[in-house]
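Structural description and commentary
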Amino acid sequence: MAISWPLVVSLLLSISSLASSASNSDSDHEAFVQCLLDNSHPSYPISEAIFTPQSPSYATVLQSYIRNLRFNETYTPKPFLILTALHQSHIQAAIICAKKGNIQMKIRSGGHDYDGLSYVATVPFFVLDMFNLRSIDMDMETETVWVQSGAILGELYYRISELSKTHGFPAGVCPTVGVGGHFTGGGYGNMLRKYGLTVDNIVDAYFIDVNGRIHDRKSMGEDLFWAIRGGGAASFGVVLAYKIKLVHVPEIVTVFRVEKTLEDNATDIVDQWQHVASKLPKELFVRLVIDVVNSSTRTGGSTVRVSFISLFLGDSKTLVSIMNENLPLLGLSQSDCIETSWIQSVLFWTNIAIDSPTDVLLNRTPSLSYLKRKSDYVKQPIPKTALEGIWEKMIELQPAQMIFNPYGGRMAEIASTATPFPHRAGNLWKIQYLANWNQGGAETAQRYIELTRKLHRYMTPFVSKNPREAFLNYRDIDLGVNHNDRGSYLEGRVYGIKYFKGNFIRLVHIKTKVDTTNFFRNEQSIPTLPH
């Protein structure tokens, strides 16, 4: 049975307070703080990184990186402490002291955590917040970058663009996403068909293990390095920084956004898209955003709108030629296209005016909303009559939306076992289901979440089966919850197989080896083997 996270969290405050009085009393919290102070490096005092509910800035620090307002309600359980690490020694102290007190630690980088697992818990907990650790060290000679986990993608993109017009990095299209979570879950962006995922372009890492030791790729070993590139590093330790390999982009790229409704023949165009999108040249990515809008032809009626949004690593003339040969029903013309630089295309994709100064990417404050996300993978084209049924269901379930992200290209060339991320060859596209709303409260949240679930259920015949696959970075608590007790392995297997398929058992073996006591745990972490 699906677990309703909003309903669960509405009960958590009382559970948390009961547990707090039983096992994590004020004296336990005081002992934890004292332990942090005792283990602080003299040159890097930890006191200024500690925030408790009594600290004047506690609420600001907690809320600054809560991107999903569902988890900023009065009934949302709050951490008894936030540690905004300023140095690697602070992370080491946090691990040592949390182990000593058997205290739950949540690790947060950017906060774009769809179901709040990095800053919400059902037991007393503290947050290790990485946002102060965001240095970006570029080496254009080797075309590599060391980027710390607390940086956001916008900062990374901006720093690349400062030094080169012909380099980029294949990661997400939302610039406020934190590097830490995005990279560890197998992040993707609009260059995935050319260069694969973020994890396919990571060459080293600085990693802090359960004993507080710092490793690089060589000292951690290839198994652990494999696991933290797509397996969710928070199950294994704390990634301090990743070393990434930059990719080449042309000085001129081309973008377009063309919108079609059902009255504009959208069904036939989507049908054509689904047969060619994964076979287009690797340099071309055409995403579909599908939502419901008011119909211009029916009074008071609704229609489905499909937005075709593209990045092409090349000029507009070539793009129009490719599109008219492969997707002629869209009727793309030169006037639909915008030639620009790669860094300005990032602005276009995040709905910022394309001629804005690029330092807008340094803004760490995103627009906020209440939201729910789910995911699916499609392996066979959907019959056109079924598309028509999907549109009807979307009109019924509005405002639930879908985004189709095409695969193929480089994604089909990399083995499903190369990283923990298994969704490679054989997938035509990935679906993201989404609902956003602007009103608080558990009842409102439940209503919108259920609309998203209904759309997800309706899509069952058209998506992957045995298992029904899901994307780790679109954390979805509906897929299963781990209580991290005696049944941990069996509970973890339920969602683990969906996220990782056959790679799940390898992740479990690595987890058992490097974190035997399951210190690094959350509601959807990798479990250890049963004793």
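What counts, and at which threshold
Residues numbered from 1 in each chain as written. Predicted model: local features only at pLDDT ≥ 70, side-chain atom pairs only at ≥ 80, totals over all residues. Heavy atoms only, no water. UniProt positions renumbered as here; feature names shortened; annotations may be inferred. Helix = DSSP H or I, 4+ residues; strand = E, 2+ residues; numbered from the N terminus. Rg over C-alpha atoms; globule rule 2.2 N^0.38 Å. Buried < 20%, exposed > 50% of the residue type's maximum accessible area, 1.4 Å probe, protein only. Contact = heavy atoms within 4.5 Å. Areas by Shrake-Rupley, 256 points an atom, 1.4 Å probe, with all protein chains shown as cover. Lys, Arg positive; Asp, Glu negative; His and termini not counted. Charge placed at Lys NZ, Arg CZ, Asp CG, Glu CD. Pairing = 2+ DSSP bridges. Axes fitted to C-alpha atoms, helices over the stretch in contact; angles between N-to-C directions. Polar contact = N/O pair within 3.5 Å; in protein donor to acceptor, adjacent residues only side chain to side chain. Phe/Tyr/Trp six-rings, centres within 6.5 Å; stacked < 30°, edge-to-face > 60°. Lys NZ or Arg CZ within 6 Å of the ring centre and 35° of its normal. Disulfide = S-S within 2.5 Å. 1 Å grid on protein atoms, 1.4 Å probe; cavity = no way out; pocket = protein on both sides within 12 Å on 5 of 7 lines; lining within 4 Å. Points joined across faces, edges and corners; volume = space filled by probe spheres on them. Nonpolar A, V, L, I, M, F, W, Y, C, P; charged D, E, K, R; others polar.

Within an unreviewed UniProt entry, the label attached to the protein reads FAD-binding PCMH-type domain-containing protein, and the organism entered is Gossypium gossypioides. Annotation of the protein in UniProt includes, under Subcellular location (unreviewed entry), the sentence "Secreted, Cell wall". What UniProt states about the protein under its Cofactor (unreviewed entry) heading is, verbatim, "FAD".

1. Overview of the overall build of the protein
The number of helices and strands found in the protein is 16 helices and 18 strands. In terms of overall size, the protein behaves like a compact globule, its C-alpha atoms giving a radius of gyration of 23 Å where 531 residues would be expected to give roughly 24 Å. Dimensions of the protein along its principal axes, counting C-alpha atoms only, are 70 × 55 × 45 Å. When each of the 531 residues of the protein is scored for burial, the buried share is 61%. When contacts within the protein are restricted to residue pairs at least 6 apart in sequence, long-range pairs at least 24 apart make up 73% of them. Accessible surface, the protein as shown: approximately 20700 Å² in total, 51% of it carbon and sulfur. Once the 51 positive and 49 negative side-chain charges of the protein are each reduced to a mean point, those two points are 5 Å apart.

2. What to know about the pairing of strand S13 (residues 284-294)
Within S13, nine of the eleven residues are buried, leaving the element largely enclosed by the surrounding structure. With eleven bridges joining them, S13 and strand S14 (residues 302-312) adopt antiparallel strand pairing. When the bridges of S14 are listed, Phe 285 appears paired with Leu 311.

3. A short note on the sheet that holds strand S12 (residues 253-261)
Adjacent strands of a sheet form backbone hydrogen bonds with each other and so pair up, either parallel or antiparallel. The seven strands lie next to each other as S15-S12-S14-S13-S17-S18-S16, forming an open sheet whose pairing is antiparallel. Either end of the sheet is taken by a strand with one partner, and the two such strands are strand S15 (337-340) and strand S16 (370-378). Sheet twist, expressed as the mean angle between neighbouring strand axes with direction ignored, is 20 degrees. Here strand S17 (residues 401-406) pairs with strand S18 (residues 429-437) via six bridges, running antiparallel. In the strand pairing of S18, Asn 405 is matched with Lys 430.

4. Points about the sheet that holds strand S4 (residues 125-129)
One open sheet accounts for four strands, arranged S1-S2-S4-S3; its pairing is mixed. Pairing within the sheet leaves two strands with one partner each, and these edge strands are strand S1 (50-51) and strand S3 (104-108). When S1 meets strand S2 (residues 81-84), the two strands line up antiparallel, connected through two bridges. Paired with Phe 51 across the two strands is Ile 82, which belongs to S2.

5. Examining the side chain of His 167
Residue placement: His 167 occurs in strand S7 (residues 167-168). Side chain to side chain, His 167 and Glu 143 meet in a polar contact 2.7 Å long. With sequence-adjacent residues up to four places away left out, His 167 is seen in contact with Met 140, Glu 143, Ile 160, Leu 246, Val 247, His 248, Val 249 and Trp 342.

6. Remarks on the packing of aromatic side chains
For the structure shown, the criterion picks out 25 aromatic pairs. Ring plane angle 50 degrees and centroid distance 5.6 Å describe the contact between Phe 183 and Tyr 242, whose orientation is recorded as tilted. On the criterion of sequence distance, the pair formed by Phe 183 in helix H6 (residues 179-184) and Tyr 242 in strand S10 (residues 238-245) is long-range, its members being 59 residues apart. For Phe 183, a relative accessible area of 0% translates into the label buried. What links up through ring pairs into an aromatic cluster is the set Tyr 114, Tyr 188, Phe 421, Phe 471 and Tyr 474. The ring of Tyr 195 carries the charged tip of Lys 194 above its face, separated from the ring centre by 5.8 Å. The ring of Tyr 188 carries Lys 430 above its face, with NZ or CZ at 3.5 Å from the centroid.

7. Here's the deal with unusual backbone geometry
Here the residue pair Gln 398 and Pro 399 is connected by a cis peptide bond, since its omega of 15 degrees sits within 30 degrees of zero. Considering the arrangement of structural elements, one finds Pro 399 in the loop between helix H13 (384-397) and S17. A cis geometry characterises the amide bond from Asn 466 onward to Pro 467, with omega recorded as 5 degrees. Among the structural elements, Pro 467 can be located in the loop between helix H14 (442-458) and helix H15 (488-500). Inspection of the secondary structure puts Asn 466 in the loop between H14 and H15. Overall, Asn 466 belongs to the exposed group, its relative accessible area being 80%. Non-glycine residue Lys 501 carries a positive phi angle of around 50 degrees. Tracing the backbone shows Lys 501 in the loop between H15 and helix H16 (504-514).

8. Side note on the state of the cysteines
A full pass over the atoms with the stated rule returns one disulfide. One disulfide bridge connects Cys 35 with Cys 97, the sulfur atoms lying 2.2 Å from each other. The chirality of the disulfide connecting Cys 35 with Cys 97 is left-handed, given an S-S dihedral of about -85 degrees. A residue pair is termed long-range when its members are at least 10 positions apart, and Cys 35 in helix H2 (residues 26-38) and Cys 97 in helix H4 (residues 88-101) qualify at 62 residues. The two residues Cys 35 and Cys 97 agree in class, both being buried.

9. So, empty space enclosed by the protein
Across all of its chains, the model carries three cavities of 30 Å³ or more by this definition. Size it by volume and the largest cavity reaches roughly 80 Å³. Along the walls of the largest cavity sit Tyr 157, Phe 169, Ala 171, Gly 172, Val 173, Asn 190, Leu 311, Trp 342, Ser 345, Val 346 and Trp 349, which together make up its complete lining. Counting residues per element, the lining of the largest cavity draws most heavily on helix H12 (residues 342-349), at four residues. Here the residues of the lining of the largest cavity sort into eight nonpolar, three polar and no charged.

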